[in-house]
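Remarks on the overall topology
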Protein chains: 4
Amino acid sequence: FSTSTLQHLFKQIFKASLDLQKTETKKILLVSREKRSEDTVIDVKGEKIGDGNTHFVMGPCSVESYEQVREVALEMKNQGLQLLRGGAFKPRTSPYDFQGLGVEGLKILRQVADELDMAVVSEITSPENIEVALDYVDIIQIGARNMQNFDLLKTAGSVDRPVWLKRGLSATIEELIYAAEYIHSRGNSQIILCERGIRTYEKATRNTLDISSVPILKKETHLPVAVDVTHSTGRRDLLLPAAKAAIAIGADVVMAEVHPDPATALSDSAQQMDIAQFRDFMKGLQPLLNMNQKATV
Amino acid sequence: FSTSTLQHLFKQIFKASLDLQKTETKKILLVSREKRSEDTVIDVKGEKIGDGNTHFVMGPCSVESYEQVREVALEMKNQGLQLLRGGAFKPRTSPYDFQGLGVEGLKILRQVADELDMAVVSEITSPENIEVALDYVDIIQIGARNMQNFDLLKTAGSVDRPVWLKRGLSATIEELIYAAEYIHSRGNSQIILCERGIRTYEKATRNTLDISSVPILKKETHLPVAVDVTHSTGRRDLLLPAAKAAIAIGADVVMAEVHPDPATALSDSAQQMDIAQFRDFMKGLQPLLNMNQKATV
Amino acid sequence: FSTSTLQHLFKQIFKASLDLQKTETKKILLVSREKRSEDTVIDVKGEKIGDGNTHFVMGPCSVESYEQVREVALEMKNQGLQLLRGGAFKPRTSPYDFQGLGVEGLKILRQVADELDMAVVSEITSPENIEVALDYVDIIQIGARNMQNFDLLKTAGSVDRPVWLKRGLSATIEELIYAAEYIHSRGNSQIILCERGIRTYEKATRNTLDISSVPILKKETHLPVAVDVTHSTGRRDLLLPAAKAAIAIGADVVMAEVHPDPATALSDSAQQMDIAQFRDFMKGLQPLLNMNQKATV
Amino acid sequence: FSTSTLQHLFKQIFKASLDLQKTETKKILLVSREKRSEDTVIDVKGEKIGDGNTHFVMGPCSVESYEQVREVALEMKNQGLQLLRGGAFKPRTSPYDFQGLGVEGLKILRQVADELDMAVVSEITSPENIEVALDYVDIIQIGARNMQNFDLLKTAGSVDRPVWLKRGLSATIEELIYAAEYIHSRGNSQIILCERGIRTYEKATRNTLDISSVPILKKETHLPVAVDVTHSTGRRDLLLPAAKAAIAIGADVVMAEVHPDPATALSDSAQQMDIAQFRDFMKGLQPLLNMNQKATV
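The notes below deal with the structure included here. The residue count restarts for each chain, going from 1 along the sequence in the order it is written. Here chains are named by letter from A upward and ligands by number from 1 upward, in the order in which they appear as written. Side-chain atom pairs in this predicted model are given and counted only at pLDDT of 80 or more, local residue features only at pLDDT of at least 70, and totals for whole chains, interfaces and linings cover all residues. Hydrogens are left out, water is left out, and the side-chain values use all remaining heavy atoms of the structure.

Some details on the overall build of chain A
Strands here mean DSSP runs of E at least two residues long; helices mean DSSP runs of H or I at least four residues long; both are numbered from the N terminus. Scanning chain A from terminus to terminus reveals 10 helices and 10 strands. Contacts were defined at the residue level, with two residues in contact if any of their heavy atoms lie within 4.5 Å. Across chain A, the fraction of contacts at a sequence separation of at least 24, relative to all contacts at a separation of at least 6, is 69%.

Pasting the structure below:
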C-alpha cells in the first residue's frame, strides 16, 4: 500500500465510523416488518383485512343518490361483499366539476350500509372533516392527491378508525411508507396501503399500475395492501385482468368502481362497471379466489 | 359518395352539433389570457411582480433562528432585493425530520422583514393557518405537495393576499392552471405560478426543470410566472445556469435558497447557497438583467 | 341557430368529411386483431407459443461457457422446459463492460440445445448478424434498445424465423405495435411481443413492470405476449410474484434469467436465480399453471 | 465502542479497502473533463464548434427536393449560417410513413452545400451506411432512437468525421456520456452531444426539454453541447423561447428545423418554421448573441 492509499483508507475508516453512528440512531419505522413481523389484520365489521383472503371494496365513484348507492350495495350483498365505497368529498381538477355531496353523501352511504349491514369507505379531504367522518364512515380514505397532506395524515393518525391510504400520483413506494408512518406515529396502526397506478409517459392507460409495489409493500411493511384497479387502468376492459394480476401477486384487497348506469355518472363515467359487468367481474375472479382459498386452508 | 359514407357523414354532423354546444358552454377560465389579455401585475410593498422586470425571492429553506434569517436578509438588502422567503411549516417526507418552527418561524420572518423593510413569502400547509398567516406573511406560498389540496386553495382564494402557487411534483401544466383557477374563482386574483421541476426518470438532478412551462404558462394565463431553481435542480452548481435560462425564457421571478451556513442547515443542506455564492449568483446574472432592462426601456 | 353557429357547423361538416376520407384510407395493421381475429400460434420445436398455455424462456443473462449453459439447460429439462435463452451479443451501457462472446456464444447455445433437444433464443443486435443467426438460433431476439432500430426490424422481417421483440425502455404500447408491423410488413408474421418494464421515476425496481400492457397487446394484436420478469423488476425477490401476475393476467410466455452461480455472473448478477431458486420459482407457479390448464381443458 | 461496534467497524474497513481498489482501477472516461480539461473544439469548414460562440444547425426535417433544400439554405446564408441539416434516412414509427430519400437525399444536401459553401449534417441509421455517408456529410448525426445502437456507435467511432450524438428518448445523462465513450474509444474524438428533450408524463410539449443537462454535460465532459429546440418542444411557438434558454445556459449549438412550406412537409409539419418565422427567430436571439459575444471578447 502506498501512502496515498493509506491516507484514503483512514479517511474511509473515519467515514465508516460516522455512518455506523448514523445507522445506529436510524429510526426503525413503526409500519416496517423489521418492527413487527406478523401481518396487521384490520377487523371491519367482522371482515378481517390482511388475513390472507382477498377482500373487495366496491361502489360508485361519487355518491349521487340513495337509490344509486342502494342498487350497487344490494348487488354487493348478493355477491357476499360488504365493504361499500362512495365519494362524498370529491377532489376534482377543475373547480367547475361536480365536487360531491359532502356530508349529505356520507349520510346516504351510512344509511344504505346500516340497512344492509355493510361497512362504509369514503374519502375525507381535510383535517376538520375527520371528526365528522367518525359518525359515518368505517374506513377513512386518504386520496392520492392528499398522500402528503401531512396535517390530514396527522389528524387521521389521532383517531381510532382504519385508514385507507392511497399512493400519490407520482409518489415513490418509500414516500408511501413514510406517509403511513405519519399516521402510525400518532397512534393509529390500522392502515391499508393502496396502489392506484402511477403517472408515466404511457397514455394507453390512465395511470400505470405498478403491480410490483404490492410484494414490495408486503415485504417492507406489516400492513394490508390493496390495488385500486379502476384508477390505475382507467379502462373498464382492463378491470378484470388487472384484478387477476392483483390477486395473483398477493394483494389483500381489490377496489373497483361500480355504478348502476355509468353513462350518466357525474364523474369517471368511462371506467365504472355497471351491475352486469360487476357480476362478470366477480365470476371471472372465482377460479383465482378458489385457488387462494385452497392454499390458505 | 356511397350510402354508408352518407350515413357516417350524418352521424358526424350530429356529433359536430353536440360538440359545438359543448364548446359554447365551456367555461373560459378566469386565469386565462382569453379572459384577460393584459399581464396581471402584483404589487408587494412596491415591488411590481409581472411588470416585465426580473424579481427575486431568496432566503433560507427553513427558518432556524432570528440571526440566521437576518444574515441572509441583510445581504439581500445589499443586493437591492426585498422579497424574503423562509420555511416555517415544513412538509417533510418523514415524520421524524425537522418539521419547522411553525408560527414562531413566521414571527421571526416578520420581525426581520419589518426591521429591513422587506416582504415575507412563506408556505402555509393547512386551511386553518391561512388566517394566522395574514398577520405575518405578504405572499402565501402553497407548496408542490399541496397544489391539489383543494380546501387549502379555496381558503387561500378567499383572502386578500397574493398567493405563490407551486406546481405539483408530477402535475401537468393544465392541472397547475386549474389549481390557480380554484383560487381565482373564490375571488383572489393575485396569483404567482411557480415552476419547480417535475419528477422524471432522470436522477442527475433532484427534479427535471421543465423550462418550457414558463412560456406556455405566460401564453395560457395572464399571471406572473416564477422559477424555483433550487428545488428543480437540487444542485448548488446548477443554480446560476438554471437562473440564466429562466430569465432568458421570460420568467418574472427567480426563487433560490440562501443559508449563512448550508452545511449545518436543518433541511436541504446540499442545495442552498452561502452568502458568498449568493453574491456570485447575482453578479453572474447581471449581464442578462441589464439586457432585459434595456429591452423594457 | 345563429349565423355563426351555422358557419361553425358547416366547417365541422367539411372537417368531418375530411376525417372520413382519412379513416377510409387508414392502413389496418397486419399485426392487428382487426386484420386477423384468431391468435397467432408459433411452433418452436413442437412448443406452440400462443396456444393458451403458459410457456417459459429461461437461461443465463450472458453465455459464459458451455458448462454454465448446460447446467441451466439440464435443470430446465428436468422441469419440462425447452426454450433456452442466453446472451451472446450483449448491448452494454459502457464500452468497457463485457460485450458477450458473440458467435462463439451462439455456438455454445446451439450445441447444448442440440444435445438436449431444446430451442435457442438469443439477441441479435445488427442486421448483418441476422444471416449468421439463422444457423444457430430458433428465435431471434430484438432487444429493448433496438426496438426502433428499423434496419434491424426490416432484416428480421425478411427471414423465416420467429422474432422475440422486446418493448423499448420508454416505448409506448403503440410504438411496440408499429415496431412489430415493420417486421410483419416484410413478410415475417412470427412475432412474440415482450413487456420488459418501462422507465419511470420509481427506483425501487429496475424498471416498472407495465402489467396492463399484456391485456392491451392481446386485445390490439393477434400476437403472443411475453413478460420478462427479470429485467422489469431487476430484483430476484420479485421474480416469483411478478411471474404470478403475468400468468394471471394472460401472458403467453414468462421469461426469467437463471445462472448456476449468479454472484460470479459477468452481467446482471443481482437479478438472476440460481438453480435452487429456479426450482422454487417453478414450484411456486404450479397452482396457477394447474388452474389455467383446467380452464383450457 | 462495544464489541459489535468494533466488528462492524472492521467489516467497514475491509469494505472500504475493496472500494478503494475498485476506484483505482475504475476507468476514467476519454470524454470526461477529468481526462481532458480544455473544451474540445470541432472545426467544420471553418466554423469552430465549442469555441464559446453560439452556432446554428438549421434545415428541413426531411430532404424532399433540391429546390426545397436550396430555399432554406439560401436564407441561412443570408443569416450568416452555414451548418445545413436535412433528413435523408428517416427513422419513422410506422413502416407506412415516408422513410426519406436515402442516398438521393444526401446527394441533394451535398449539392446545395457545395454550391453555397456550406456544411452538411445528416442522420445515418445503420453501420453499413457510414462509409457512404463519408462522401456526402460533414457531420454524421446519430439519432435519439439509435443512441444505444452500439454497432452504429462503434462504426462512427472508426471514421474521421465529426459525430452529432442525440440523447435517447429516455436516456439518462450518464448513458449519453457512455454512448459518446463508445465513439471516442474507437478513436473518433469529434463528438457533439445533443439534448433533444426526454419523454415524461407532460404532454403540453412533445418531449420535456431537460435544459439542466446542458451545464451538466459541459461539466462532466469536454465536448460541445447542442440543444435541438424543435424535437424537444415540438411546438413552433416555443422554438424562440427555448433557444433563448439554451443560449443563456451555455449551449454551444442550437438546432432547429426550417421548411419553405411547413404545411406541406412530409414529416413534422407542425413544428417547423417557415422562412419568415426563421428570420424572426434569428432576430429574436440577437440581443443574447450580442451579450455573449461581448462576454467572449
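Re the side chain of Thr54(D)
Residue and element names in this part refer to chain D. Assignment of secondary structure puts Thr 54 in the loop between strand S2 (47-49) and strand S3 (55-59). Exposure categories follow from relative accessible area, calculated using a 1.4 Å probe and restricted to protein chains: below 20% of the type maximum is buried, above 50% is exposed, and the middle band is partly exposed. Take Thr 54: its relative accessible area is 17%, and that puts it in the buried class. In this structure Thr 54 touches Ile 247, Asp 252, Val 254, Leu 289 and Asn 292, once residues within four positions along its chain are discounted.

Quick notes on the packing of aromatic side chains
Ring pairs are drawn from Phe, Tyr and Trp, using the six-membered ring of Trp, whenever the two centres fall within 6.5 Å, and their geometry is named by plane angle: stacked under 30 degrees, edge-to-face over 60, tilted for the rest. By the definition in use, this model includes 4 aromatic pairs over all chains. The ring centre of Tyr96(B) lies 4.8 Å from the NZ or CZ of Lys27(A), which sits over that ring. The criterion is that NZ of a Lys, or CZ of an Arg, lies within 6 Å of the ring centre and within 35 degrees of the ring normal, and then a charge sits over that ring.

Here's the deal with the pairing of strand S9 (residues 225-228) of chain D
All names here are of chain D. A two-sided burial pattern is seen for S9, the buried positions comprising Val 225 and Val 227 on one face and Ala 226 and Asp 228 on the other. The handedness rule is simple: strands pointing away from the viewer, and a clockwise path from the first strand over the helix to the second, make the crossover right-handed. What joins strand S8 (residues 191-195) to S9 is helix H7 (residues 213-220), and the crossover it makes is right-handed. Here, a strand pair is defined by DSSP locating no fewer than two bridges between the strands. The pairing of S9 with strand S10 (residues 253-257) spans 3 bridges and is classified as parallel. By the bridge assignment, Ala 226 is partnered in S10 with Val 253.

Describing the interface of chain A and chain B
Taken together, the contact pairs 31 residues of chain A with 31 residues of chain B. The term buried area refers to how much accessible surface (probe radius 1.4 Å) is lost by two components on association, counted for both of them together. With both chains or domains summed, chain A and chain B bury close to 2500 Å², and 50% of this area falls on carbon and sulfur atoms. Among the residues chain A hides against chain B, the three largest losses belong to Thr93(A), Tyr96(A) and Arg199(A). Together they make up 23% of the total. Whenever Lys or Arg places a side-chain nitrogen within 4 Å of a carboxyl oxygen from Asp or Glu, that contact is recorded as a salt bridge. Run the count over chain A and chain B and you get 2 salt bridges. We note a salt bridge from Arg199(B) to Glu175(A), for which the minimum N-O separation is 2.6 Å.

With respect to the relation of the copies chain A and chain B
It takes a turn of 180° to lay chain A on chain B, together with a shift of 0.0 Å along the axis; the resulting RMSD is 0.0 Å. Taken together, the rotation and translation relating the two chain copies correspond to the operation of a two-fold axis. Residues of chain A ranked by C-alpha distance from the rotation axis are headed by Ser170(A), positioned 3.1 Å from it. By residue overlap, the copies meet face to face through one surface: 100% of the interface positions of chain A are interface positions in chain B. Least-squares superposition of the copies uses the C-alpha atoms of those residues scoring a pLDDT of at least 70 in each of them.

Considering helix H9 (residues 239-249) of chain B
Along an α-helix, a turn takes 3.6 residues, which lines up residues three or four apart on a common side. For H9(B), the tally of buried residues reaches 9 of 11 residues, placing the bulk of the element in the interior. Looking one or two residues beyond H9(B), the residue adopting positive phi is Gly250(B), at roughly 110°.

What to know about the environment of Ala156(D)
Residues and elements named next belong to chain D. In this fold, Ala 156 is placed in helix H5 (residues 150-157). Separated by 36 residues in the primary sequence, Ala 156 and Val 120 have C-alpha atoms spaced 16 Å apart. Ignoring anything within four residues of it in the chain, the contact list for Ala 156 reads Ile 130, Ile 142, Val 163, Ile 183 and Asn 188.

Some words on the interface of chain C and chain A
Residue-level contacts link 35 residues of chain C with 35 residues of chain A. Of the roughly 2600 Å² buried between chain C and chain A, counting both surfaces, carbon and sulfur atoms make up 68%. A per-residue breakdown of the area chain C buries against chain A is headed by Tyr201(C), Glu202(C) and Met291(C), which together make up 21% of the total. There are 4 salt bridges connecting chain C and chain A. Here Asp237(A) ties to Lys219(C) by a salt bridge, and the two come within 2.5 Å at their closest N and O atoms. Polar contact is the term for a pair of N or O atoms within 3.5 Å; when the atoms are in protein, one must be able to donate a hydrogen and the other to accept it, and sequence-neighboring residues count only if both atoms are side-chain atoms. The interface formed by chain C and chain A includes 10 residue pairs in polar contact (both at pLDDT 80 or more). The set of elements that each furnish at least two residues to the side of chain C that touches chain A consists of helix H7 (213-220), helix H9 (239-249) and helix H10 (275-296) of chain C. Considering each element in turn, the side of chain C that touches chain A owes the most residues, 6 residues, to H9(C). In this count, Pro and Cys sit with the nonpolar residues alongside Ala, Val, Leu, Ile, Met, Phe, Trp and Tyr, while Asp, Glu, Lys and Arg are called charged and the others, Gly among them, polar. Tallied by class, residues from the side of chain C that touches chain A come to 19 nonpolar, 7 polar and 9 charged.

Brief notes about the pattern of salt bridges
Throughout the structure, instances matching the rule amount to 64 salt bridges over all chains. The closest approach of N and O atoms between Asp43(D) and Lys48(D), which form a salt bridge, is 3.3 Å. Among the residues examined, Lys48(D) registers a relative accessible area of 39% and is labelled partly exposed. The salt bridge partner of Arg167(D) is Asp210(D), with a shortest N-O separation of 3.0 Å. Of the two residues, Arg167(D) is situated in the loop between strand S7 (163-166) and helix H6 (173-184) and Asp210(D) in the loop between S8 and H7; the sequence distance between them amounts to 43 residues. Overlapping salt bridges bring together Arg167(A), Glu195(A), Asp210(A) and Glu202(C) as one network.

Concerning the sheet that holds strand S4 (residues 83-85) of chain B
Residue and element names in this part refer to chain B. Ordered in space as S3-S4-S5-S6-S7-S8-S9-S10, the 8 strands form a closed barrel in which the pairing is parallel. Going from strand to strand, the sheet's axes swing by 25° on average, the running direction of each strand aside. Bridge analysis of S4 against strand S5 (residues 119-123) gives 3 bridges, and the strand direction is parallel. Among the inter-strand pairings, Arg 85 is bridged to a residue of S5, identified as Val 121. Axis definition: a line fitted to C-alpha atoms, over the contacting stretch in the case of helices. Angles run 0 to 180 degrees between N-to-C directions.

Concerning the environment of Thr93(B)
Positionally, Thr93(B) belongs in the loop between S4 and helix H3 (103-116). For Thr93(B), a relative accessible area of 23% gives the class partly exposed. Those residues in contact with Thr93(B), other than ones at most four positions away along the chain, are Gln148(A), Phe150(A), Glu175(A), Tyr178(A), Tyr182(A) and Arg145(B).

Quick look at the relation of the copies chain C and chain A
Mapping chain C onto chain A is achieved by rotating through 180° and translating by 0.0 Å along the same axis, at an RMSD of 0.0 Å. Counting the interface residues of chain C, we find that 100% of their copies in chain A are interface residues as well, pointing to one common contact surface.

Considering the sheet that holds strand S5 (residues 119-123) of chain D
All names here are of chain D. Around the barrel, 8 strands lie side by side as S3-S4-S5-S6-S7-S8-S9-S10; this closed barrel has parallel pairing. Pairs of neighbouring strands in the sheet enclose a mean axial angle of 25°, with direction left out of account. On top of the sheet, helix H2 (residues 66-78) reaches S3 and strand S4 (83-85); it is set at about 155° to S4, its chief contact.

Structural notes on unusual backbone geometry
If you check the backbone angles, Lys45(A) has positive phi at about 50° while not being a glycine. Its location among the elements puts Lys45(A) in the loop between strand S1 (42-44) and strand S2 (47-49).

Some words on the packing of helix H6 (residues 173-185) of chain B against helix H7 (residues 213-220) of chain B
All names here are of chain B. It is the contact of H6 with H7, at a shortest axis distance of 11 Å, that shows an interaxial angle of 45°. Overall, the two elements H6 and H7 adopt an arrangement that is oblique. Taken as a pair, H6 and H7 cross one another with a handedness that is right-handed. Of the residues in H7, those in contact with Ile 173, Leu 176 and Ile 177 of H6 are Ser 213, Ile 216, Leu 217 and Glu 220. Here the residues of the contact of H6 with H7 are counted per class, giving 5 nonpolar, 1 polar and 1 charged. Small angles under 35 degrees read as roughly parallel and large ones over 145 as roughly antiparallel, with 65 to 115 read as roughly perpendicular and the rest as oblique. In this scheme the handedness of a crossing depends on how the near helix is turned from the far one: anticlockwise by less than a right angle means left-handed, clockwise means right-handed.

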